[in-house]
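# A closer look at the structure
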Amino acid sequence: MVLAERARAARLEHILKLINRSTFGKRSEKLPVDQLALTLEDQNVALGEADGLQDKAAEEAGRYGLRARRRRAPDAERASLPAHLPRFETVIEPESLECACGGTLHKIGEDRSERLDIIPAQHRVMVTIRPRYACRCCSDGVRQASAPAHVVPGGLPTEALIADVLINKYCDHLPLYRQSKIFARQGIEISRATLANWVGRGIAALMPITDRMRADALARARLFVDETTVKVLAPGTGKTKTGYMWVIVCDDRAHGGVDPPLALYTYMPGRGKMWAKQLLGSYQGILQVDAWQAYDQFGKDDGADAGVTKSYCWAHLRRGFVDAGSDAPVAQDALQRIAEIYGIEKEIRGRTVEERLAVRQERTRPLVDKLHAWFAATAPRMMAGSATSDAMKYALKRWAGFTRFLDDGRIEIDNNAAERAIRPVTLQRKNALFTGHQLGAENWAAISSLVETCKMLDINPYAYLCDVLTRIITRADTDPIDDLLPYCWTDTNAANTSFELSSIASAA
């Protein structure tokens, strides 16, 4: 009885620690880069202020013929600014080119320095003029060019403006009511409802591309899959309900795969088996997931899903021991053993499939086998219900799925590719709090698929959306769209954009 009470007390204490860590502590196993940047930001601001005061003191000293040491700016050692940026030269001549001896000074060299400047964003009005022509000899000769197609027929926005609103909302997580206020500061009154209409029309035009991306993803040999909660307003209740944003990621760059990466988001009302089945259909290939029970139906020996090879995520396995806390010595021992395995994975990242497999067989398998034997021997001696015991049982029960990566160089050790793709959803969730209806969540998923895929491909999402919106609106439903897919896209407006930027800068 006493032991049971102690176990219950220990369990409650552990739950309290988890709640405190999830509420007030860091969420991941290591210090997030963003949080570290925020911590150092104020220090850099203080250093900048000190540099400014030092520069001012140096200038004052120079007036009196004294010497003062200046601190080199932190960006002085950086490489030159990108070559694609337009350059505008300002030549500063001496007050006089006449030498003290009476002769004329001749140029023998020059000092050049580059500084990054900005032209504040400004809106402009694009005026389209379509002259009408008539024949003087008859009354049937009137001719006029057809009006160009637009995402919003007869409306105010150009496709470039719609792309900007989409990027602000879904890439930079700027809600529409804030964008409306930004327009108002320039004297442009555009309501949030109007902006929402533009967003909806833009996404409707782009939907054929995301549909095609879905078909391409399900044809790939390997998928990363994950899901996270989103709040959706329940119609007629004034309350929100919990839905789920699922993400499919295709990324073979870690083993030199040639298929381009992509991220595909899908909103669904739940995360159970039926929704996982609806998402993946009859997919055949490698499925990298966490051990959520919705995925149990895939990879069985019989049925339509027998062709699925399911691999579980070691980051989730490791997280169970992290949750046990730093005061659990057995959990810390487990983390050290897992860290050795991750160290080998870091070494072989980017190598070929064959090289990765050879290293895993030679170096990683002995470590994994030793870890399994240790789990099996240690788990029965752990207090039932403790976090460390639960983490070991979680691993032992699913060990076959956790060791699949040892036999296939294409498989990653964890599902972090999908978890990274989930982060933008959490940022949008913090800024928007909830979506107004299910269709809004579906639109969110569609545009996020394009934006995040562009990021993975190192494509400017704004340039992509601006160009593709202009081109897709002129195509019929049966026209091919292969050239508009993010991984097949070529920027046809790059030259024009550079010319316009140069023109605007010259005018300024």
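The rules we used
Residues numbered from 1 in each chain as written. Predicted model: local features only at pLDDT ≥ 70, side-chain atom pairs only at ≥ 80, totals over all residues. Heavy atoms only, no water. Buried < 20%, exposed > 50% of the residue type's maximum accessible area, 1.4 Å probe, protein only. Helix = DSSP H or I, 4+ residues; strand = E, 2+ residues; numbered from the N terminus. Arc of directions from axis to C-beta. Contact = heavy atoms within 4.5 Å. pLDDT = per-residue confidence, 0-100. Salt bridge = Lys/Arg side-chain N within 4 Å of Asp/Glu carboxyl O. Pairing = 2+ DSSP bridges.

## Quick look at helix 4 (residues 176–185)
When helix 4 is considered as a whole, its buried residues turn out to be L176, Q179, S180 and F183. On an axial view of helix 4, the arc spanned by its buried residues comes to 105 degrees, and they lie on one face. Seen from the buried face of helix 4, the exposed residues on the opposite side, beyond 90 degrees, are K181 and R185. Structurally, helix 4 contributes buried residues whose contacts are with helix 3 (159–170) and helix 5 (192–218). Where helix 4 ends, the next residue or the one after it, G187, has phi of about 80 degrees, a positive value.

## So, the confidence of the model for the protein
Reading fine detail from the predicted coordinates is not recommended where pLDDT is low. For the protein, per-residue confidence averages 82 on the pLDDT scale, and 78% of positions sit at 70 or higher. Looking across the protein, the model is least confident in helix 15 (residues 494–507), with a mean pLDDT of 50, and most confident in helix 9 (residues 353–378), with 95. Confidence over residues 504–508 falls short of pLDDT 50; this stretch has 5 contacts with residues more than four positions distant or in other chains.

## Quick word on the pattern of salt bridges
In total, this model carries 22 salt bridges according to the counting rule given. Between E89 and R112 there is a salt bridge, and its shortest N-O distance comes to 2.7 Å. Of the two residues, E89 sits in the loop between helix 2 (33–63) and strand 1 (132–133) while R112 sits in the loop between helix 2 and strand 1, which places them 23 residues apart along the sequence. Of the two residues, E89 and R112, neither departs from the other in class, the shared state being exposed. Between R356 and E412 there is a salt bridge, with its nearest N and O atoms 2.6 Å apart. Of this pair, R356 sits in helix 9 while E412 sits in the loop between helix 11 (399–402) and helix 12 (416–432), placing them 56 residues apart in sequence. We note that R356, like E412, is buried.

## A word on the pairing of strand 4 (residues 240–250)
Among the 11 residues that make up strand 4, 8 are buried, leaving the element largely enclosed by the rest of the structure. Where strand 3 (residues 222–233) and strand 4 come together, 10 bridges link them in antiparallel fashion. Paired with E227 across the bridge in strand 4 is W246. Bridge analysis of strand 4 against strand 5 (residues 262–268) gives 7 bridges, and the strand direction is antiparallel. Within strand 5, the position partnered with V247 by the bridge is Y265.

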